[in-house]
Amino acid sequence: MSRSGSAFRPPRPVEVVIPGPAGPLQGLVEDPGEPADEVAVLCHPHPLYHGTMNNKVVHALARAANRLRVPAVRFNFRGVADSGGAWDEGRGETDDALAVVEWAHQQWPDRRLWLGGFSFGSYVALNAAPTAEPAALVTVAPPVRRFPVEEVRTPTCPWLVIHGADDELVDASAVREWVARLAPAPRLEVVPETTHFFHGRLNVLQDTVRGFWEACRQEEPA
């Protein structure tokens, strides 16, 4: 039976240390150990506001990948917990994400990359996308007007933007306006009655992301 069904059991998290540009990066790998053509790399929210790889939204993204039998790699940005280095306003954190992507490709050669992030992490994922060239991109609660997302080159891969209609930190109308200016346009999902941290709505988030990734997989050439 597919692990996307009711028999799904989360894989055991394995702690890893990933070489980073400012020092070693603390990471967690959750690998279902089943055949798949993808690997997911996921970026956490703002390090200066207690963001870590253990954030529940990032965890939900990992579970969405795992339910499709795809390994998920979470990691702490520089200066967070046991990761070396110090906060660098998104520049160095983008380099961290690219180092993790490179490491993931070494561990799972020839697999397509699914790249994702939450809040500040979604800005980092978006910023890394032109170099990382993901097969699919997910940005949850992108920090429009807080970080310069408007200055980042628009990805050409399938891209999902998912946001809470009642986000108290990033106004949903600002996200709608930003998305409307993009070409090619990403898919935008605004989840009703949902705040920035998706309290009580993590299942909706996980199901939406899983459905998006599954559709991307079906559209990939054989």
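Residues numbered from 1 in each chain as written. Predicted model: local features only at pLDDT ≥ 70, side-chain atom pairs only at ≥ 80, totals over all residues. Heavy atoms only, no water.

(A) The pairing of strand S3 (residues 38-43), seen in detail. Counting buried residues in S3 gives 6 out of 6 residues, a clear majority hidden from the surface. A two-sided burial pattern is seen for S3, the buried positions comprising Glu 38, Ala 40 and Leu 42 on one face and Val 39, Val 41 and Cys 43 on the other. In this sheet, strand S5 (residues 112-118) lies alongside S3 in parallel orientation, the contact comprising 6 bridges. Across the sheet, the residue bridging to Val 39 is Leu 113, located in S5. (Buried < 20%, exposed > 50% of the residue type's maximum accessible area, 1.4 Å probe, protein only. Helix = DSSP H or I, 4+ residues; strand = E, 2+ residues; numbered from the N terminus. Pairing = 2+ DSSP bridges.)

(B) Just helix H4 (residues 172-180), in detail. Taken together, the buried positions of H4 are occupied by Ala 172, Ala 174, Val 175, Trp 178 and Val 179. On an axial view of H4, the arc spanned by its buried residues comes to 155°, and they lie on one face. Packed against the buried residues of H4 are helix H3 (120-132), strand S7 (159-164) and strand S8 (187-191). (Arc of directions from axis to C-beta. Contact = heavy atoms within 4.5 Å.)

(C) Up close: the environment of Pro 130. On the secondary structure map, Pro 130 appears in helix H3. Overall, the relative accessible area of 25% leaves Pro 130 in the partly exposed class. Distance in space between the C-alpha atoms of Pro 130 and Ile 162 is 20 Å, their sequence separation being 32 residues.

Limitation: the analysis is restricted to geometry and does not speak to function.
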